[in-house]
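Observations on the model geometry
Okay, here's what each chain looks like letter by letter:
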Amino acid sequence: MPPPSTSIPSASADTAGPAEVPAAVPAAAVKGRLASRKALLLGCAALTAVLFGSVVVAIGLGPAVITPGETARHLWAALSGGHIGPDEVTTYQIVWQIRTPRVLLAALVGAGLSAIGVAVQALVRNALADPFVLGVSSGASVGAVGVTVTGGLAALGIYAVSVGAFIGALVASLLVYAASVSRGTLSPLRLVLTGVAMSLGFQAVMSLIVYFAPDSEATSMVLYWTMGSFGAATWGALPVVSVVVLAGIAVLHRYGRVMDVLALGDETAASLGVGPDRYRKGLLLLVSLVTGVMVAVSGAIAFVGLVMPHVVRMLVGATHARVLAVAPLVGAIFMVWVDLAARTVVAPRELPLGVVTALVGVPVFIALMRRKGYTFGGR
Amino acid sequence: MDLRLDELSVVTDGRTLVRALSLEVAEGQVVGLVGPNGSGKSTALRCVYRALRPSSGTVWLGEQDLTRLPLRHSARTVAAMTQDGGVDFDFTVEEVVALGRAPHLRGNQALSGRERELCERAMDQLDIGHLAQRGVLTLSGGERQRVLLARALVQEPKILVLDEPTNHLDVRHQVDLLSLLRGSGLTVLVVLHDLNLAAAACDRLGVLSQGRLVASGAPAEVLTTQLVGDVFGVRASVVPHPLTGDPQLLYSLNSTC
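Owing to the predicted nature of the structure, the values given are computational and were not obtained by experimental measurement.

Rules and cut-offs
- Residue positions within a chain follow its written sequence, with the count starting from 1.
- Chains carry letters and ligands carry numbers; both start at the beginning, A for chains and 1 for ligands, and go up in the order they are written.
- The predicted origin of the model limits local features to residues at a pLDDT of at least 70 and limits the giving and counting of side-chain atom pairs to 80 or more, whereas totals for whole chains, interfaces and linings rest on all residues.
- Derived side-chain values reflect all non-hydrogen atoms in the structure, with water molecules and hydrogen atoms excluded from consideration.
- Secondary structure follows DSSP: runs of H or I at least 4 residues long count as helices, runs of E at least 2 residues long count as strands, and numbering of each begins at the N terminus.
- We take the radius of gyration over the C-alpha atoms and set the globule estimate at 2.2 Å times the residue count to the 0.38 power.
- For each residue, the accessible area found with a 1.4 Å probe, counting protein chains only, is set against the maximum for its type, and the residue is called buried under 20%, exposed over 50%, and partly exposed in between.
- For two strands to count as paired, DSSP must find a minimum of two bridges between them.
- For a crossover, the right-handed case is the one in which the path from the first strand over the helix to the second runs clockwise, viewed with the strands pointing away from the viewer.
- For helices, the fitted line uses only the C-alpha atoms of the stretch in contact; every axis is such a line through C-alpha atoms, and the angle between N-to-C directions lies from 0 to 180 degrees.
- Roughly parallel means an angle under 35 degrees; roughly antiparallel, over 145; roughly perpendicular, 65 to 115; everything else is oblique.
- When the near helix sits turned anticlockwise from the far one by under a right angle, the crossing is termed left-handed; a clockwise turn instead gives a right-handed crossing.
- Throughout, a residue-residue contact means that at least one pair of heavy atoms, one from each residue, lies within 4.5 Å.
- Each residue receives one of three labels: charged for Asp, Glu, Lys and Arg, nonpolar for Ala, Val, Leu, Ile, Met, Phe, Trp, Tyr, Cys and Pro, and polar for the others, Gly being one of them.
- In this entry, domain limits derive from an automatic or database-based domain assignment.
- The term buried area means the drop in 1.4 Å probe accessible area that two parts suffer when joined, counted for both and summed.
- When a carboxyl oxygen of Asp or Glu is within 4 Å of a side-chain nitrogen of Lys or Arg, the pair counts as a salt bridge.
- Throughout, nonpolar core names a set of buried Ala, Val, Leu, Ile, Met, Phe, Trp, Tyr and Cys residues whose side chains join them through atoms within 4.5 Å.
- Throughout this description, a polar contact denotes any pair of N or O atoms lying within 3.5 Å of each other; where both atoms belong to protein, one of them has to be capable of donating a hydrogen while the other can accept it, and for residues adjacent in sequence the pair is counted only when both atoms sit in side chains.
- Any two of the Phe, Tyr and Trp rings considered here, Trp counted by its six-membered ring, make a pair once their centres fall within 6.5 Å; the pair's planes then place it as stacked at under 30 degrees, edge-to-face at over 60, or tilted in between.
- Charge-over-ring placement is defined geometrically: NZ (Lys) or CZ (Arg) within 6 Å of the ring centre, and within 35 degrees of the ring normal.

**Details of the overall build of chain B**
The number of helices and strands found in chain B is 9 helices and 12 strands. Radius of gyration (C-alpha) of chain B: 19 Å, near the 18 Å computed for a compact globule of 257 residues. With the principal axes as the frame, chain B shows a C-alpha extent of 55 × 40 × 30 Å. When each of the 257 residues of chain B is scored for burial, the buried share is 55%.

**Quick notes on the pairing of strand β7 (residues 159-163) of chain B**
Residues and elements named next belong to chain B. Counting buried residues along β7, 5 of its 5 residues qualify, which places the element largely inside the surrounding structure. Residues of β7 alternate between two faces, with Ile 159, Val 161 and Asp 163 on one and Leu 160 and Leu 162 on the opposite face, all of them buried. Examined bridge by bridge, strand β6 (residues 78-81) and β7 share 4 bridges and lie parallel to one another. If you follow Ala 79 over to β7, its bridge partner there is Leu 160. As a crossover connection, the stretch from β7 through helix α6 (residues 171-183) into strand β8 (residues 187-191) is right-handed.

**What to know about the packing of helix α4 (residues 89-123) of chain A against helix α14 (residues 320-344) of chain A**
All names here are of chain A. Running from N to C, α4 and α14 cross one another at 140°; their axes reach a closest spacing of 7 Å. Relative to α14, α4 is oriented oblique. The element α4 and its partner α14 pack so that their crossing is right-handed. Residues Arg 99, Arg 102, Val 103, Ala 106, Ala 107, Gly 110, Ala 111, Leu 113, Ser 114, Ala 115, Val 118 and Ala 122 of α4 form the contact with α14, whose own contacting residues are His 320, Val 323, Leu 324, Ala 327, Pro 328, Gly 331, Ala 332, Met 335, Val 336, Asp 339 and Arg 343. Split into classes, the residues belonging to the contact of α4 with α14 amount to 15 nonpolar, 4 polar and 4 charged.

**Thoughts on the packing of α4(A) against helix α12 (residues 276-298) of chain A**
Residue and element names in this part refer to chain A. At a minimum axis distance of 10 Å, the contact between α4 and α12 shows a crossing angle of 150°. Taken together, the axes of α4 and α12 lie roughly antiparallel to each other. The chirality of how α4 crosses α12 is left-handed. Contact residues: Leu 105, Val 109, Gly 112, Leu 113, Ile 116, Ala 119, Val 120 and Leu 123 in α4; Arg 280, Leu 283, Leu 284, Val 287, Val 290, Thr 291, Met 294, Val 297 and Ser 298 in α12. Residue composition of the contact of α4 with α12, grouped by class: 13 nonpolar, 3 polar and 1 charged.

**Description of the sheet that holds strand β5 (residues 64-65) of chain B**
Sheet strands associate in pairs through backbone hydrogen bonding, adopting either a parallel or an antiparallel arrangement. Residue and element names in this part refer to chain B. Reading across the sheet, the 4 strands line up as β2-β1-β4-β5 and stay open at both edges, with antiparallel pairing between neighbours. Strands at the two margins of the open sheet, each flanked by one partner only, are β2 (15-25) and β5. Running at roughly 115° to strand β1 (residues 3-12), helix α1 (residues 41-48) makes contact with β1, β2 and β4 (56-61) of the sheet.

**With respect to the domain arrangement of chain B**
Residues and elements named next belong to chain B. One can read the domain layout of chain B as domain 1 (1-77 + 157-221) and domain 2 (87-155). Placing the centre of domain 1 and that of domain 2 at their C-alpha centroids yields a distance of 23 Å. Both faces combined, the contact of domain 1 with domain 2 buries some 1,300 Å², and carbon together with sulfur accounts for 64% of it. Taken together, domain 1 and domain 2 are joined by 1 salt bridge.

**Quick word on the nonpolar core**
Membership of the largest hydrophobic core comes to 160 residues, with the highest contact counts inside it found for Leu252(A), Val93(B), Val97(B), Ile128(B) and Leu160(B). Counting residues per element, this core draws most heavily on α4(A), at 17 residues. If sequence neighbours within four positions are ignored, Ile128(B) has contacts with Val93(B), Val97(B), Met123(B), Glu143(B), Arg146(B), Val147(B) and Ala150(B). Leu5(B), Val31(B), Leu45(B) and Val191(B) belong to the second-largest nonpolar core, a separate cluster that totals 26 residues.

**Notes on the pairing of β4(B)**
Residues and elements named next belong to chain B. Across 5 bridges, β1 lies against β4 in antiparallel orientation. Along β4, the bridge assignment pairs Asp 6 with Thr 58. By the bridge criterion, 2 bridges tie β4 to β5 in an arrangement that is antiparallel. Bridging across to β5, Trp 60 finds its partner in Asp 65. Taking the residues between adjacent antiparallel strands as the criterion, β4 and β5 are bridged by 2 residues, where Gly 62 takes a positive phi near 55°.

**Comments concerning the environment of Leu177(B)**
Residues and elements named next belong to chain B. For Leu 177, the position within the fold is in helix α6. Exposure remark for Leu 177: the relative accessible area of 2% places this residue in the buried category. Not counting chain neighbours up to four residues away, the residues in contact with Leu 177 comprise Leu 149, Pro 165, Thr 166 and Leu 169.

**What to know about the interface of chain A and chain B**
Between chain A and chain B, the contact holds 48 residues from the first and 49 residues from the second. Across the interface of chain A and chain B, roughly 4,100 Å² is buried in total on both sides, 54% from carbon and sulfur atoms. With its nearest N and O atoms 2.7 Å apart, the salt bridge here joins Arg125(A) to Asp88(B). At the junction of chain A and chain B, the tally comes to 12 residue pairs in polar contact (both at pLDDT 80 or more). Secondary structure elements with two or more residues in the side of chain A that touches chain B: α1 (9-12), α2 (24-60), α4, α9 (238-254), α10 (256-262), α11 (266-271) and α14 of chain A. No other element matches α2(A), which puts 6 residues into the side of chain A that touches chain B. Here the residues of the side of chain A that touches chain B are counted per class, giving 20 nonpolar, 16 polar and 12 charged.

**Here's the deal with the sheet that holds strand β3 (residues 30-34) of chain B**
All names here are of chain B. Taken in spatial order, the 6 strands of this open sheet run β6-β7-β8-β3-β9-β10, and their pairing is mixed. Across the chains shown, the open sheet's two edge strands, defined by having one partner strand only, are β6 and β10 (212-217). Neighbour-to-neighbour, the strand axes of this sheet turn through a mean angle of 15°, independent of strand direction. Bridging between β3 and strand β9 (residues 204-209) involves 4 bridges; their strand directions are parallel. From the neighbouring strand, Gly 32 faces β9, where its bridge partner is Leu 205. Contacts between helix α5 (residues 141-154) and the sheet are confined to β6 and β7, with β6 contributing the most and set at about 180° to the helix. Running over the sheet, helix α9 (residues 225-232) touches β3, β9 and β10 and is turned about 35° from β9.

**A short note on the side chain of Ser141(A)**
As for its placement among the helices and strands, Ser141(A) is situated in helix α5 (residues 136-150). What makes Ser141(A) buried here is its relative accessible area of 3%.

**Structural notes on the packing of aromatic side chains**
Residue and element names in this part refer to chain A. Throughout the structure, instances matching the rule amount to 3 aromatic pairs over all chains. Each ring, one from Trp 96 and one from Trp 235, has its centre 4.6 Å from the other, and the planes form 35°; the classification is tilted. Of the two residues, Trp 96 is situated in helix α4 and Trp 235 in the loop between α8 (217-227) and α9; the sequence distance between them amounts to 139 residues. The interplanar angle of 85° and the centroid separation of 5.1 Å between the aromatic rings of Tyr 211 and Phe 212 together place this pair among those described as edge-to-face. An identical accessibility class is assigned to Tyr 211 and Phe 212; each is exposed. The ring of Tyr 255 has Arg 254 lying over it, and the distance from NZ or CZ to the ring centre is 5.9 Å. The ring of Tyr 279 carries Arg 278 above its face, with NZ or CZ at 4.8 Å from the centroid.

This is how it looks when you write it as structure tokens:
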């Protein structure tokens, strides 16, 4: 092996010098890499702390303002089974029964949408993709509106609409998959085009249902589903959502390097031992499942899954394992504050989440696009 | 390890892209595949780096049938420098080179100290050490090409296949790259367009035309005025290189096809 070149690479690249490896260069590089790993860990720890703080503050804020200390005390009482005085029962109920599930759901969905956004952009190899580009959200809307209008799944009580939305999301994903797969291969371009086309189709179906629906409940349901809200959050749905979202993020993180390799193109991926079709099918399945669950409980909240991946890539680079460590935390913090704004700014009314995320997301997105040095995944 | 293509055929959409191609690359040899556009060179290569499954025939790595190996397993033996140089996200040069270790690592397992040194060395060999922290999307075509080769070397393969590796490279880097291939000790199968470079760099050449192997052997045996006229449709005079004696082609314009 030729030795590493000296400081004038152009002159020495091909000369066979003494075969001695100067230890300083690799050692420094190893050190640099370790330092950056450390920085990543520290950053994640700091973000986790911010997330906890945000959750406590957000639980405290609303029509009845509760101080963070008070909030923490009630949360601790709930978690440890501690004692609450009889005059504090109302506050306790506000904290534990109403606001905590809502804020936790916001954090979970924010984390999930950001991570899934990263995965979808890797899956369809397109920087403009978001979790809903594959038709999941419009499929969910059709399911939700269909259940509302027909009164189907009534046996499931308050979960009927969510289950309907989830079924709609999965049916949409299956249709998109079936329409885009060709001879066992899944081309990213075909996938994203099919997703976009199917979304338009589902939206048409939804409009039809609403048009012929006898009541106006369907119309408000459509608004709810296309803009998103955590208003319906309950403890009942949280276990399922947290397991699916957290497990989904963990699995995605584990396949970080696979997504790195896929970004090099299918030919190169195959030569590096990553069969693109196999992994793309797995990714599609995972992404559909997690997105379906999220949409079922919160509707389709726009922009988070599109913008967060880019923001995080600017901060930590493109390596998926790093992006997927940071993006869920940033997304969770962002969503907690967005939800807080949505329910407090025009209280007692509530803004749809999509309105808030778009008002924040659009300027951020434009600013990102105009920023020099970030190539947005293309030139 | 030697590489053998045995009666390899590729048929897609009823078109035969490669027809019963048999070719052997002995251990440590550099064999060049040449031929006009669309003659099946890249297709044959794709079967070796497993982007494509041959319709019939076999690729042998030593005594092992390549198509029976798990993808990850064969990626530890065969590395490729392909034509798709595009990268979706702005990875740094260092990160892309490090991805060459992917078939050797589990999940997100970090690179060991030895692997880090391996990456450093490959980047220096390819004269891209100074670009380590640059985003790959900001590189020139030739620089990117060298990043891709560095990544393939970091894979620590026994067999290296390259699809037109000298594309976009300036003359010095073309010569450097082919010298590096010759000195690497690897078993190399390379598609080249420049017949003179191919003659200088390869131990043997295989000439493809319409998916068929029409000639193979030492460059001096293969590159004749007759063959170049038949296969490529150009008039060329063959002269020995004044220093090395390798056959070199001098083309005449307005050829009679």
